Amino acid sequence: MSQKFVQESPEELEEKIKAMRVGGKILGGVLKDLREYVQPGMTGKEVDKWVREQIEARGAKVAYDYLEEPFPGAICISVNDELVHGAPTDEPFEDGDKVSFDLDVLYDGYYTDSAFTMIVGKGGSPAVKEMIKTTERAMWAGIDLVKPGARLGDIGYAIEKVLRKGKLGVIENYVGHGIGKEMHMQPDIPNYGIRGHGYMLRVGDTICIEPMSCLGKPANYVDVESNWTVKMKDGSIGCHSEHTVLVTEDGCEVLTEV
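Description of the structure in this document. Bear in mind the structure is a predicted one, so any value in this text is a computation, not a measurement. Along each chain, numbering runs from 1 in the same order as the chain's sequence is written. In keeping with the model being predicted, local features are shown solely for residues with a pLDDT of at least 70 and side-chain atom pairs are shown and tallied solely at 80 or more, while totals for entire chains, interfaces and linings include all residues. For side-chain calculations, the full set of non-hydrogen atoms in the structure is used, while hydrogens and water are omitted.

**A closer look at unusual backbone geometry**
Note that the residue after Gln-186, namely Pro-187, is joined by a cis bond; omega there is 5°. Helix and strand definitions follow DSSP, with helices as H or I runs of at least four residues and strands as E runs of at least two, each counted in order from the N terminus. Structurally, Pro-187 is set in strand β8 (residues 185-189). The phi dihedral of Lys-167 is positive, around 60°, even though this residue is not glycine. Tracing the sequence through the fold places Lys-167 in the loop between α4 (152-165) and β6 (169-170).

What follows is the structure, encoded as structure tokens:
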């Protein structure tokens, strides 16, 4: 992750916002269609191929192709006890599986990033369904506070409050982040925090707010076979929700929402 806090010139800021608005709409459109596309019996690799085709057909690039250590796919697909960074596999989705989809796209030199979690098919436990809803509410609780002068500690506190009220495990070792010419930039945006503390947001900042939660204990590990997929140590179900957000003069704009 870049350790620099970027201060763009007015021209650079205009260029960034223009590109990220277009890239965000492309990304949001792919994920919206993905919700309808995914069905039981499909494999992660089949979905990954479809996502790659969709990104390229809409005029953007597959962001994960440009990582220093290339990711084995166009989208992260994390099933059941997998939390994030799931490498697509040949294993078919079963009715009731929890699946998190995390996608970055690159458009005109700038990245956008978004994620959602869903139940495949018509099954799924009530506890998992409620976890998904609560994690999304936590994301929006954080986004609702985004404005010039807001402290990241306040945003993290708001996210954590919703997750803990829902009796969910709060993931602390994976956080939100700045985004722009790089996929992951400063500032870090934890899903917990102390009110009144942390980096103060500025007009033009572009950030990713992405709460991650679980039904059990938050301890997790990277699967050695894939060297990418993060799994819950206790085998519980993990969840992830994310949007890319632009700080505006009067609040914020969610760039990846369609």
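Back to the write-up after that little detour.
**Let's talk about a negative patch on the surface**
There is a patch of like negative charges on the surface, built from Glu-11, Glu-12, Glu-14, Glu-15 and Asp-108. Tracing the sequence through the fold places Glu-14 in helix α1 (residues 10-37). When accessible area is computed with a 1.4 Å probe and restricted to protein chains, residues below 20% of their type maximum are described as buried, those above 50% as exposed, and intermediate ones as partly exposed. Accessibility expressed as a relative area gives 60% for Glu-14, which makes it exposed. Patch construction takes residues with relative accessible area above 30% that form no salt bridge. Like charges are linked within 9 Å, and nonpolar side chains (Val, Leu, Ile, Met, Phe, Trp, Tyr) are linked within 5 Å. Using a 1.4 Å probe, accessible areas were evaluated by the Shrake-Rupley method; residue-level cover was limited to the displayed protein chains. Salt bridge, as used here: a side-chain nitrogen of Lys or Arg that lies within 4 Å of a carboxyl oxygen of Asp or Glu. Positive charges come from Lys and Arg alone, negative charges from Asp and Glu alone, with His and the N- and C-terminal ends not counted. Just so you know, the charge point we use is NZ for Lys, CZ for Arg, CG for Asp and CD for Glu.

**Focus: the packing of aromatic side chains**
Aromatic rings from Phe, Tyr and Trp, taking only the six-membered ring of Trp, are treated as a pair when their centres fall within 6.5 Å; an angle between ring planes under 30 degrees marks them as stacked, one over 60 as edge-to-face, and anything in between as tilted. Under the defined criterion, the tally for this structure stands at 4 aromatic pairs. Residues Phe-71 and Trp-228 carry aromatic rings whose centres are separated by 5.1 Å and whose planes lie at 85° to one another, so their mutual orientation is edge-to-face. Linking Phe-71 in the loop between β1 (61-62) and β2 (76-79) with Trp-228 in the loop between β11 (220-222) and β12 (230-232), this pair joins segments that are 157 residues apart in sequence. Look at Phe-101 and Phe-116: their rings are 5.5 Å apart centre to centre, the planes differ by 40°, and that puts the pair in the tilted class. Pair noted here: Phe-101 is in strand β4 (residues 98-107) and Phe-116 is in strand β5 (residues 110-119), with a separation of 15 residues, a long-range link.

**With respect to the pattern of salt bridges**
Within the structure shown, the criterion is met by 11 salt bridges. Note that Lys-16 is salt-bridged to Glu-8, the shortest N-O span being 3.0 Å. Lys-16 gets classed as buried once you look at its relative accessible area, which sits at 3%. On the accessibility criterion, Glu-8 (22% relative accessible area) is partly exposed. Among the charged side chains, a salt-bridge network with shared partners connects Arg-52, Glu-56 and Asp-65.

**Points about the nonpolar core**
Throughout this description, the term nonpolar core refers to a set of buried Ala, Val, Leu, Ile, Met, Phe, Trp, Tyr and Cys residues connected via side-chain atoms within 4.5 Å. If you look at the biggest cluster of nonpolar residues, it comprises 25 residues, and the most contacted ones within it are Leu-34, Val-47, Val-51, Phe-93, Phe-101 and Leu-103. The set of elements that each furnish at least two residues to this core consists of α1, α2 (44-57), β2, β4 and β5. Of all the elements, α1 adds the most residues to this core, at 5 residues. Among all residues touching Leu-34, those that are not within four sequence positions of it are Val-47, Trp-50, Val-51, Ile-75, Phe-101 and Phe-116. With 24 residues, the next largest nonpolar core counts Met-131, Ile-132, Ile-209 and Val-254 among its residues. What makes two residues a contact is simply this: any of their non-hydrogen atoms within 4.5 Å.

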